[in-house]
2 protein chains.
Amino acid sequence: MDRKEFRDLASPEEAREAIHSLSLEGGVDRVSLSEARGRVLVARLDAELDVPGFDRASLDGYALRARDTFGADEADPATLEVTDEVHAGEKPDVNVGEGEAVEISTGAVMPSGADAMVPVERTDTADGDVLVRTSVAPGDNVMFAGADVAAGERALGPGTRITPRDIGLLSALGIDDVPVRANPKVGIVSTGDELVRPGEDVDSERGEIYDVNSYTIAAGVEDAGGEAVLYPHAGDEQAEMERILREAAEECDLVLSSGSTSASAVDVIYRVIEEQGELLLHGVGVKPGKPMLVGRLEDSAYVGLPGYPVSAMMVFRTFVAPAIREAAGLPETETATVGGRMARQERYGEGRMRLMPVGVVTDGDGETLVYPVDKGSGATTSLAEADGVVEVDAETDYLETGESVTVSLFSPDVRPPTLLGVGEDDPTLNRLLDGLENPRYLSVGSRPGLRRLREGVPDVAVVAGPLDRDTDADELGGWEREWGLLTRPGNPDRIEGLADLVDDDLRFVNRTTDSGLRSSLGNAVVDLADDRGVERRDIVDSIEGFDLGLRAHESPARKVIADEADAALGLRETADRLDLAFVSLGSQPVRVFANPDRRKKRGVRELEAALEERPDAS
Amino acid sequence: MDRKEFRDLASPEEAREAIHSLSLEGGVDRVSLSEARGRVLVARLDAELDVPGFDRASLDGYALRARDTFGADEADPATLEVTDEVHAGEKPDVNVGEGEAVEISTGAVMPSGADAMVPVERTDTADGDVLVRTSVAPGDNVMFAGADVAAGERALGPGTRITPRDIGLLSALGIDDVPVRANPKVGIVSTGDELVRPGEDVDSERGEIYDVNSYTIAAGVEDAGGEAVLYPHAGDEQAEMERILREAAEECDLVLSSGSTSASAVDVIYRVIEEQGELLLHGVGVKPGKPMLVGRLEDSAYVGLPGYPVSAMMVFRTFVAPAIREAAGLPETETATVGGRMARQERYGEGRMRLMPVGVVTDGDGETLVYPVDKGSGATTSLAEADGVVEVDAETDYLETGESVTVSLFSPDVRPPTLLGVGEDDPTLNRLLDGLENPRYLSVGSRPGLRRLREGVPDVAVVAGPLDRDTDADELGGWEREWGLLTRPGNPDRIEGLADLVDDDLRFVNRTTDSGLRSSLGNAVVDLADDRGVERRDIVDSIEGFDLGLRAHESPARKVIADEADAALGLRETADRLDLAFVSLGSQPVRVFANPDRRKKRGVRELEAALEERPDAS
């Protein structure tokens, strides 16, 4: 197979142009008024009738000849004979003659002969007559046919994105069926033998993982005004993958693939493109996103996204979403942007434009600090913890602390968190956070949490167990938690304490050294070593699994449940919740420290208030 | 019936509180991931598993023991025996021993024994061995189980409005089913015998009109995050109305009625509320919106909206939509606001807070001018021609020209028009406007258009026929249009000119005196009077219907089609389009004048360019 060669990476601008050159537009849909909200009109709609369709009484009162009221006032009313009444929805079958009046309801058709009306409040009745205590001019209190909209008038222009107010206008014109731009149909094909759809069971031993890109990209497509179509997973089997790609290309305006990192997947895509299509571009000078493909598959546009979820979303957002929006007829997003200063130095310098996901936090003076969010290219959660993106030029080697940057928020309705916390993972804390307005918490562990607090980015740090060193931070409050060993229900190994892990042949699971639990366990190990007159290392080496540390407070317990371990470091609360036996080794404080400059921040004050009302209540 | 008495109007604040005191909240829905976008989580979701679920290779390359690479570099590679390969989605069945390496794909499970990996780019192969040209540390290029998300970690908090990024996180956790707040169900009951649903036929002679409120309020409900349920029209028949109201109250969290202006409708609502419910408020000190009702109907919240569409929407937007948003768990709209100056004085002073719909236009200096949009309380189109609302205090008697006001836009994505035009209604103009980006055109007629241009609000005025007076405005361009009499196909009355209307017994339909067509017709009348040596008035009085003027260019022609007239004033283009016979009376210029200060505005320049390319092409 001859592959078209792309020796150099395309520039981001070239990538945008390549996608722009493909036609993503769907056709025209006709939708009913109840489905028209937010859709984009493809043609001008003119009024086909007058609104109102008749001369209409604007108020409850009397229809009459204006001339008959001339000179009337409170003291000297005009007396007219009431000959009939007309209600809304009725055809009047009366003519109003000189000296006559007809009782009329709001919205009713003006009877012939009448040229004005008087509101009921300016009249009295007496023996079948009406006393009119004001004079009116012809046309007063009457809305003439076509006064609101006249037949033939331009009502809505092409390109109008239909609002509830436009629906009001269309309703008034009796239009129940409007021609709108079809939402571009976007097929999503995730490839990879290891992918499993959420909701099904995943076999980690086989290296299976949940498919993140399908639903995420689909949601992004819908945010951009497209209609997403999920195709079944294409495994790495070439014939199947080719069949799915061709099916998607036939049915959709745009096909997006992701996860096609294996050589065989790329081969299939190349083949289908070469046979019926055109490859416009392979490789773009951005990070993430270098392996992007742009071309045509049969009559459909095609973009190949990177497989890693963060990369796929960043490339989608930067290059693909704007093209879908345009095809859907939506206005270019006036991307909400926020200016801020870098909270810390960020080195880079790979000679490609960088799309850097960032979080933002407000400092004590109300200024916006910006910090990069990057858990590595394989991470899926980075974006959920970010607020937007800073585009860094290919020429920029590093951003200085304090340097001004512009963050383009992920969407205009992104609300930066009211509180940024870091530190220990703890169930009581999780409940506290549930009661706050829009907090963000990064469970990086106690020690890294305190370090980050010192560096000035987060508002608060949550620290469990003994402190290594003093801190200048303000203590907002805290609680105690009981910790120890979690083991199978009924404690079949009869574990009574740490010594059993040392002396018996038991598999143990620890927490990472960053966690407060691990610090307290470390102290217990030292105590045991002192009791036995041995080195700390001797104790540690005798516990199978001591060096294997897991990041979250429940993870070790789950290893016990999965029968991968006999005992796990954890909390009494976790044991209770997961129905495990618990061997207490002590209790430790969990303390919440605040950056002294941020004490006045609303989120910090909310957390402080929540801490004052019994944080340890479950 | 005892009615609870509400002697004084409630304040807007009291109305907000009354609605706030009602519970509009729906329950909990469980939705799949593909439907979760934009929904609001009701409970915290914790990770139930580690992500990744295994120690994962981050790149294509070789899994090995880091210790075996210590000291290796380009010049002096470490040579390891390749014993096996592991692909993504496979369970490795190999142990990596000392001096060994296993070929591994991105995303594959790290085999036991290996503690790091080397990317393929830093290696060469030779005879089944791999030459590793770099040293790596334990953990390098491996993403450990739980490094992304660890089991037990707090993933998303309650109240989270789910973004595509959150869907990524949920996908990674295998969660396909999320508990979200049910959208509040809002029943809409429009009352009135005269209402007809759009799409059906309307009988204007009976005073029927299209129901504007149902679809418009429904769209507003959906904009605010609610689920709208349209109920069949309740006529003014009491038993039917009561049945529909009770049905809606049983099925919905909130019932909105509108159009219940007739006394009998109010009676029914009062009765249902008195029997099972509570009336909290009747009458609010706002304009429009005074007749609002707030209460409970059985277990549902109830708000009675005014019947006039503009009033109903303004009250809905101001009082009801925020409560629906809150019940839906959406953030309070950070209503987009625009500051501007009043383009002209606006008197008021009725002692109620006024919700004044306004349009905005940018002047030549880029400043925002604000003008009230008010076609009277019965008009339905005012809001489609407005951009937002200025709230005017009850204490404010008038707003001065130039006074600063704050406009709260109807929604954050409202884009004020790029061009504001006023003047004659013309089909060529309509086509020109179709080619522009987001124009607004108010067909007020030629003379009023020119007057408004002089007053400084619009950018351009379109004037047809002879000018009454000189203008300082800049002429951008124009075209000619042929005008005359439109009559039935084949011209059965053998009309040859104006004289036939005077001499024969023919019913004529005219345009309003504001229109350029009427001015040209007026000149023709004067010419005919001169020819005959009579007064102008004699001619006019002999033409039946001469004084009846319709507002839009096609309206008179439609009277001929409806057989309500024998001849109509109009354009050749209209005759051709509607298949009517045409008797030419001449041609007249249509000229586009611009405010000299606005020549540089983008919309004005676009219009000027469009005028230069043959505006009379159809």
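Residues numbered from 1 in each chain as written. Chains lettered and ligands numbered in written order. Predicted model: local features only at pLDDT ≥ 70, side-chain atom pairs only at ≥ 80, totals over all residues. Heavy atoms only, no water.

A. Here's a closer look at the overall build of chain A. Counting its secondary structure elements, chain A contains 14 helices and 36 strands. Taking 25 Å as the expected radius of gyration for a compact globule of 618 residues, we find that chain A reaches 36 Å, considerably beyond that expectation. Counting only C-alpha atoms and orienting by the principal axes, one finds that chain A spans roughly 120 × 70 × 50 Å. Counting every position in chain A, which comprises 618 residues, the buried fraction comes to 57%. The long-range fraction of contacts in chain A, counting pairs at least 24 apart against all pairs at least 6 apart in sequence, stands at 72%. In the form shown here, chain A has an accessible surface area of approximately 25400 Å², with 42% of it arising from carbon and sulfur atoms. Of the charged side chains in chain A, 65 are positive and 122 negative, and the gap between their average positions amounts to 6 Å. (Helix = DSSP H or I, 4+ residues; strand = E, 2+ residues; numbered from the N terminus. Rg over C-alpha atoms; globule rule 2.2 N^0.38 Å. Buried < 20%, exposed > 50% of the residue type's maximum accessible area, 1.4 Å probe, protein only. Contact = heavy atoms within 4.5 Å. Areas by Shrake-Rupley, 256 points an atom, 1.4 Å probe, with all protein chains shown as cover. Lys, Arg positive; Asp, Glu negative; His and termini not counted. Charge placed at Lys NZ, Arg CZ, Asp CG, Glu CD.)

B. Spatial organisation of the sheet that holds strand β4 (residues 61-64) of chain B. All names here are of chain B. Strand order in the open sheet made by the 6 strands is β7-β4-β6-β5-β9-β8, with mixed pairing throughout. The open sheet has two edge strands, β7 (116-119) and β8 (123-126), and neither has a second partner. Taken pair by pair, the neighbouring strands of this sheet meet at an average axis angle of 40 degrees, ignoring direction. (Pairing = 2+ DSSP bridges. Axes fitted to C-alpha atoms, helices over the stretch in contact; angles between N-to-C directions.)

C. Examining the interface of chain B and chain A more closely. If you look at the interface, chain B gives 97 residues, while chain A gives 96 residues. Buried surface at the junction of chain B and chain A, summed over both partners, amounts to about 7800 Å²; 52% is from carbon and sulfur atoms. Between the two partners, chain B and chain A, sit 12 salt bridges. Counting the contacts that link chain B with chain A gives 30 residue pairs in polar contact (both at pLDDT 80 or more). Listed by contribution, the elements that provide at least two residues to the side of chain B that touches chain A are β3 (56-57), α2 (164-172), β15 (209-210), α3 (213-223), α7 (427-434) and α12 (555-561) of chain B. By residue number, the principal contributor to the side of chain B that touches chain A is α2 of chain B, which donates 8 residues. Looking at the side of chain B that touches chain A, its residues break down into 39 nonpolar, 24 polar and 34 charged. (Buried area = accessible area lost by both parts, 1.4 Å probe. Salt bridge = Lys/Arg side-chain N within 4 Å of Asp/Glu carboxyl O. Polar contact = N/O pair within 3.5 Å; in protein donor to acceptor, adjacent residues only side chain to side chain. Nonpolar A, V, L, I, M, F, W, Y, C, P; charged D, E, K, R; others polar.)

D. Main features of the relation of the copies chain B and chain A. Expressed as a screw transformation, the operator carrying chain B onto chain A has a rotation angle of 180 degrees and an axial translation of 0.0 Å, and the superposed copies differ by an RMSD of 0.2 Å. Such a turn and shift between the copies fits a two-fold axis. Closest approach to the rotation axis within chain B is made by the C-alpha atom of Pro-412 of chain B, at a distance of 4.5 Å. Same-surface contact between copies: 99% of interface residues of chain B are shared with the interface of chain A. (Least-squares fit on C-alpha atoms with pLDDT ≥ 70 in both.)

E. Quick look at the side chain of Ser-408 of chain A. Among the secondary structure elements, Ser-408 of chain A is positioned in strand β28 (residues 404-409). Among the polar contacts listed, one links the side chain of Ser-408 of chain A to the side chain of Arg-317 of chain A, at a separation of 3.0 Å.

F. Just the nonpolar core, in detail. If you look at the biggest cluster of nonpolar residues, it comprises 70 residues, and the most contacted ones within it are Leu-256, Phe-316 and Val-320 of chain A. Broken down by element, the residue count for this core peaks at 12 residues, all from helix α6 (residues 309-328) of chain A. With 69 residues, the next largest nonpolar core counts Ile-188, Ala-336, Met-342 and Val-392 of chain B among its residues. (Core = buried A, V, L, I, M, F, W, Y, C linked by side-chain atoms within 4.5 Å.)

G. The arrangement of the packing of helix α1 (residues 12-21) of chain A against α6 of chain A in detail. Residue and element names in this part refer to chain A. Where α1 contacts α6, the axes come no closer than 10 Å and their chain directions differ by 35 degrees. The interaxial crossing formed by α1 with α6 has right-handed handedness. In this structure, α1 uses Pro-12, Ala-15, Arg-16, Ile-19 and His-20 to contact α6, whose residues at the interface are Thr-318, Phe-319, Val-320, Ala-323 and Glu-326. Residue classes in the contact of α1 with α6 are distributed as 6 nonpolar, 2 polar and 2 charged. (Left-handed = near helix turned anticlockwise from the far one by under 90°.)

H. Quick look at the sheet that holds strand β9 (residues 129-132) of chain A. All names here are of chain A. Across the sheet, which stays open at both edges, the 6 strands sit in the order β7-β4-β6-β5-β9-β8 with mixed pairing between neighbours. Each edge of the open sheet carries a strand with a single partner, namely β7 (116-119) and β8 (123-126). If you compare each strand with its neighbour and ignore which way they point, the axes differ by 40 degrees on average. Bridge analysis of strand β4 (residues 61-64) against β7 gives 4 bridges, and the strand direction is antiparallel. Looking at the pairing, Tyr-62 lines up with Val-118 of β7.

I. Representation of the pattern of salt bridges within the structure. Residue and element names in this part refer to chain A. In total, this model carries 91 salt bridges over all chains according to the counting rule given. With a shortest N-O distance of 3.3 Å, Glu-437 and Arg-415 are connected by a salt bridge. Of the two residues, Glu-437 is situated in the loop between α7 (427-434) and β30 (439-442) and Arg-415 in the loop between β28 and β29 (419-423); the sequence distance between them amounts to 22 residues. Residue classification places Arg-415 among the partly exposed residues on the basis of a relative accessible area of 31%. We note a salt bridge from Arg-599 to Asp-474, for which the minimum N-O separation is 2.8 Å. Separated by 125 residues along the polypeptide, Arg-599 in the loop between β36 (581-594) and α14 (602-612) and Asp-474 in strand β32 (residues 474-487) bring together distant segments of the chain. When its relative accessible area of 27% is taken as the criterion, Arg-599 is described as partly exposed. Owing to a relative accessible area of 22%, Asp-474 belongs among the partly exposed residues under this scheme. The network of salt bridges with shared partners includes Glu-242, Arg-246, Arg-271, Glu-275 and Glu-298.

J. Seen up close, the pairing of β4 of chain B. Bridging between β4 of chain B and strand β6 (residues 100-104) of chain B involves 4 bridges; their strand directions are antiparallel. Across the sheet, Leu-64 of chain B pairs through a bridge with Ala-101 of chain B, a residue of β6 of chain B.

K. Up close: the environment of Arg-599 of chain A. Residues and elements named next belong to chain A. Taking the C-alpha atoms as reference, Arg-599 lies 34 Å from Tyr-348; in sequence the two are 251 residues apart. Excluding residues within four positions of it along the chain, Arg-599 makes contact with Asp-474, Leu-476, Ala-594, Val-604, Arg-605 and Glu-608. Side chain to side chain, Arg-599 and Asp-474 meet in a polar contact 2.8 Å long. Side-chain polar atoms of Arg-599 contact the side chain of Glu-608, separated by 3.0 Å.

L. Highlighting a negative patch on the surface. Residues Asp-60, Glu-85, Glu-90, Asp-93, Glu-103 and Glu-121 of chain A together with Asp-193 of chain B make up a contiguous surface patch of negative charge. Structurally, Asp-60 of chain A can be placed in the loop between β3 (56-57) and β4. (Patch = residues over 30% accessible without salt bridge, like charges linked within 9 Å, V, L, I, M, F, W, Y side chains within 5 Å.)

M. Focus on α14 of chain A. Buried within α14 of chain A are the following residues: Gly-603, Val-604, Leu-607, Glu-608, Ala-610 and Leu-611 of chain A. Projected down its long axis, α14 of chain A carries its buried residues within an arc of 160 degrees, all on one side. (Arc of directions from axis to C-beta.)

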